[in-house]
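Coordinate analysis (summary)
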Amino acid sequence: RPTNLILLPALLILLGLDWRRLGLAALGGLPGAAWLAFYNHVLYGGALHSGYGDWTGGFAWSWGLPTTWHFLKWFGLMLPAPLLLLPFVALAHRDFRSRQMLALAVWFGAVTGLYAFYEVSHETWWCLRFILPAVPALILAGLLGLEAIARRATTMKPDRLYSVSAALLVIWALALSVFWVHHFGITGLKNAEKIYSRACAAVLDEFPPNTLIVTMQFSGAFYYYTDCPILRWDMVTPAEFARYAVLAQEAGRTIAAVELKSEEGHALREHCPGDWVRVDEIGNAVIWRLASTPAGVTSQ
């Protein structure tokens, strides 16, 4: 992600004012940066543009508290819990109040701090993907905490403590991985994702080629698998939808909606009200057709 640029302060702390190392780090980053700039230019019309459009509106101070609690909850559930406390153990030891620990703290804080104020981050467990770049810093800081404990231990030799601790952390991490993979059905994603191509195929069979598709979750699938125009329900108001619906029907276009079962009430009732008729159901996707133009609306 372009936001990985916020790791630069941590890199500067680690490398110090050694211009040779800073220069080599910059050279190492240039190929990736150049490719990203080229990619964004080709797809979105500018090196600094992205498919998210104006993303600045997605950040607000009000998201900070609920998102922080969300991060803490899932870190505690998905990682061996001691990793959340061991960095503080390291800080309590004078030898570990170092430039390396400061860099790890800045690394972790920069990523989690940014996404703590992003409106999406608190919604569900898989939004932890935004802060995955921060996890290595947490693990490394936790291992420094373990090193601090080993230096103070008097009842167990350091080598033995390392071996026992490493074994416990590995077993704990593996057990958590197996549990959460099973709990969330991760291995079933391959078959679950087929719903996108199946829904597109069903719409092409049922409706004319120029049908206007009202959707959000399926918008990418319809963009790549069909030539149908797309209207994102999450980006329009009811008044805007009504105007678009009139224009589409005046142009002879059929209007269909494709939503997940969990979305349909919110999408169609709150964003795109109208006389919707249920046409088909493909797995957990529901296909609708707009039977008539919303009352009292014209294209003017």
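Residues numbered from 1 in each chain as written. Predicted model: local features only at pLDDT ≥ 70, side-chain atom pairs only at ≥ 80, totals over all residues. Heavy atoms only, no water.

A few points about the overall build of the chain
Along its length, the chain carries 12 helices and five strands. Since a compact globule built from 300 residues should have a radius of gyration of about 19 Å, the 26 Å found for the chain marks it as more spread out than a globular shape. When the backbone C-alpha atoms are referred to their principal axes, the chain occupies close to 80 × 45 × 35 Å. By the burial criterion, 33% of the 300 residues in the chain qualify as buried. At a minimum sequence separation of 6, the contacts of the chain that also span at least 24 residues come to 66%. Here the chain displays about 18,300 Å² of accessible surface, and carbon together with sulfur accounts for 65% of that area. (Helix = DSSP H or I, 4+ residues; strand = E, 2+ residues; numbered from the N terminus. Rg over C-alpha atoms; globule rule 2.2 N^0.38 Å. Buried < 20%, exposed > 50% of the residue type's maximum accessible area, 1.4 Å probe, protein only. Contact = heavy atoms within 4.5 Å. Areas by Shrake-Rupley, 256 points an atom, 1.4 Å probe, with all protein chains shown as cover.)

Quick word on the state of the cysteines
One way to say it: the disulfide is the covalent bond shared by the sulfur atoms of two cysteines. Counting across every chain of the model gives zero disulfides. Sulfur of C272: no disulfide; nearest cysteine sulfur belongs to C228 and is 16 Å away. (Disulfide = S-S within 2.5 Å.)

Looking at helix α6 (residues 135-152)
Helix length check: α6 (18 residues) gives 26 Å between terminal C-alpha atoms against 26 Å at 1.5 Å per residue, within 8%. Along α6, the residues classified as buried are V135, A137, L138, A141, G142, G145, L146, A148 and A150. Considering only its buried residues, α6 is in contact with α3 (64-78), α4 (86-92), α5 (99-115) and α7 (158-183). (Expected span 1.5 Å × (residues − 1).)

Quick look at the confidence of the model for the chain
This prediction gives the chain a mean pLDDT of 89; 96% of its residues lie at or above 70. The element-level mean pLDDT for the chain is lowest in helix α12 (residues 264-271), coming to 78, with strand β1 (residues 212-215) highest at 96. (pLDDT = per-residue confidence, 0-100.)

Points about the sheet that holds strand β5 (residues 285-290)
Here five strands make up an open sheet; going across it, the order is β2-β1-β3-β5-β4 and the pairing mixed. Of all the strands in the sheet, the pair left with one neighbour each is β2 (230-232) and β4 (276-282). Direction aside, the axes of adjacent strands within the sheet are offset by 25° on average. Here three bridges tie β1 to β2, and the two strands are oriented parallel to one another. Of the residues in β2, the one forming a bridge with I213 is I230. (Pairing = 2+ DSSP bridges. Axes fitted to C-alpha atoms, helices over the stretch in contact; angles between N-to-C directions.)

As for the packing of α5 against α6
Viewed as axis vectors pointing N to C, α5 and α6 meet at an angle of 150°, and their least axial separation amounts to 8 Å. In this structure, the crossing between α5 and α6 has a hand that is left-handed. Where α5 approaches α6, its residues M101, L104, W107 and F108 are matched on the opposing element by P136, A137, L138, L140, A141 and L144. Of the residues that constitute the contact of α5 with α6, the class distribution is 10 nonpolar, no polar and no charged. (Left-handed = near helix turned anticlockwise from the far one by under 90°. Nonpolar A, V, L, I, M, F, W, Y, C, P; charged D, E, K, R; others polar.)

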